[in-house]
Amino acid sequence: KYGVEVEDDDAMGKMVSQINTWNFDLFKFAAISKDHPLVSMAYIILQTERNLLRSYNVDPPTFIKYMFVIEANYHKTNPYHNATHGSDVMQSCHVLLGYSVVEQVFTDLEVFAALFACAIHDVDHPGLSNQFLSNTSNELAILYNDHAVLENHHLATAFKFLQEEELNWASGMDDKQRQLFRKMVIDLVLATDMSKHLSLLADIKTTVESSKVAHNGKLVLESYNERMLVLQGIVHSCDISSATKALPIYKAWTERIIEEFYQQGDRERDLGLNLSPMCDRQNPSIEKSQVGFIDFIVLSRVDLSAYRDSDLWSAY
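This write-up is about the structure you can find in this document. Because the structure is predicted, anything quoted here is derived from the model rather than measured. (Residues numbered from 1 in each chain as written. Predicted model: local features only at pLDDT ≥ 70, side-chain atom pairs only at ≥ 80, totals over all residues. Heavy atoms only, no water.)

Notes on the overall build of the protein
- Each helix and strand counted, the protein has 16 helices and two strands in total.
- Among the 316 residues that make up the protein, the fraction classed as buried is 53%.
- By sequence separation, contacts in the protein at least 24 residues apart represent 73% of the contacts at least 6 residues apart.
- Carbon and sulfur atoms provide 49% of the accessible area of the protein, an area that totals close to 14700 Å². (Helix = DSSP H or I, 4+ residues; strand = E, 2+ residues; numbered from the N terminus. Buried < 20%, exposed > 50% of the residue type's maximum accessible area, 1.4 Å probe, protein only. Contact = heavy atoms within 4.5 Å. Areas by Shrake-Rupley, 256 points an atom, 1.4 Å probe, with all protein chains shown as cover.)

Given below as structure tokens:
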């Protein structure tokens, strides 16, 4: 019932009872799931919480098998970009999509695509930035012409496994659903590219300010493009949401991302390259970098004046 075998059913049951809360402890969840947080999170949310697997004729055993492969292709050696991070982003998205302001805005397939995109959005991440890959003429940078290198790779990896018959959990969808699902997942994962952060926020602001707000406080997004733009913003926000969590959780994630930055910096130093920002462990600036991250990234969210006091955006 949790997608994986667990030793302490009571402990897992308690964790599942908290799955709709913002300050969910993914590190504890990972331990209870016997280091299979992504498989378990994906199954619990998509099958138990939202009934989406059943709605789209997805065979649960095939889906679980696929998620085990995806989880195995997240690098455990990455301090930050690992399966626990993927699980965290998925769970955060699940929570935001439950807020009243957007609860009835998106179709079931759009919700399914967003949650799946979160689950696979960093699969096979090497723990290095797009810029590092381009600067070192990495084969991925050459393959994707220095454009959203990692994001394209995550998508290609996830969909490549879906081509294998024994892993193809989407075979129960009709052709139209499957094609639209793929298109949405691609658009959502590409939007996690940090180089698109400011332009994405500007587009969302324009869209939201021109949209109508229903009397019950829910957004009225009349077109697919409007809904997808806001959904991209939600997925992207969840990807950078650690600073909005309870302090112990935020600190734990910060320690992990800083160590991953430092490991890249070590490689840059060994290669004689200029060190990327925040990557020099010999000159640490953790506090300064986090203040900058919060001020210019986390708090550079859209001023959604029509519903800025709503539950959805109070998280940011």
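What follows continues from the structure just given.
As for the packing of helix α7 (residues 108-120) against helix α13 (residues 224-239)
- Look at α7 against α13: their axes get within 11 Å of each other, and the N-to-C directions meet at 30 degrees. By the angle class used here, α7 and α13 are roughly parallel. In this structure, α7 crosses over α13, and the sense of that crossing is right-handed. Residues E110, A114 and C118 of α7 touch α13, and the partners they reach there are Y224, R227, L231 and V235. (Axes fitted to C-alpha atoms, helices over the stretch in contact; angles between N-to-C directions. Parallel < 35°, antiparallel > 145°, perpendicular 65-115°, else oblique. Left-handed = near helix turned anticlockwise from the far one by under 90°.)

Observations concerning α7
- The terminal C-alpha atoms of α7 lie 18 Å apart, and with 13 residues this matches the ideal 18 Å at 1.5 Å per residue to within 8%.
- Of all 13 residues in α7, 12 are buried; the element is thus mostly enclosed.
- Buried within α7 we find L109, E110, V111, F112, A113, A114, L115, F116, A117, C118, A119 and I120. (Expected span 1.5 Å × (residues − 1).)

A word on the side chain of E151
- Relative to the helices and strands, E151 resides in helix α10 (residues 149-162).
- If we skip the residues at most four places from it in the chain, E151 touches N130, V189, L190, T192 and D193.

Here's the deal with the packing of helix α5 (residues 60-72) against α7
- Closest axis-to-axis distance for the α5/α7 pair is 10 Å, and the angle between their directions is 40 degrees. It follows from the interaxial angle that α5 and α7 lie oblique. Every residue of α7 that contacts α5 at Y66, M67 and I70 is listed here: F116, A119 and I120.
- Here the contact of α5 with α7 is built from residues that sort into six nonpolar, no polar and no charged. (Nonpolar A, V, L, I, M, F, W, Y, C, P; charged D, E, K, R; others polar.)

Regarding the packing of aromatic side chains
- Under the defined criterion, the tally for this structure stands at 12 aromatic pairs.
- Taking the centre distance of 5.5 Å and the plane angle of 75 degrees together, the rings of Y80 and W253 count as edge-to-face. Remark: W253 occurs in helix α14 (residues 247-270) and Y80 occurs in the loop between α5 and α6 (83-96); sequence separation between them is 173 residues.
- Under the relative-accessibility criterion, Y80 is labelled buried at 9%.
- Residue W253 is classed as buried on the basis of its relative accessible area, which comes to 2%.
- Where F116 meets F181, the ring centres are 5.5 Å apart and the plane angle is 45 degrees; that geometry is what we call tilted. Here F116 is found in helix α7, whereas its partner F181 is found in helix α11 (residues 175-190), with 65 residues between them in sequence.
- By relative accessible area, F116 is classed as buried at 1%.
- In this structure, K160 packs its charged tip against the face of F161, placed 4.9 Å from the ring centre.
- Residue placement shows R182 over the ring face of F159; its charged tip is 4.7 Å from the ring centre. (Phe/Tyr/Trp six-rings, centres within 6.5 Å; stacked < 30°, edge-to-face > 60°. Lys NZ or Arg CZ within 6 Å of the ring centre and 35° of its normal.)

From the geometry alone we can't say anything about function, so treat these as descriptive.
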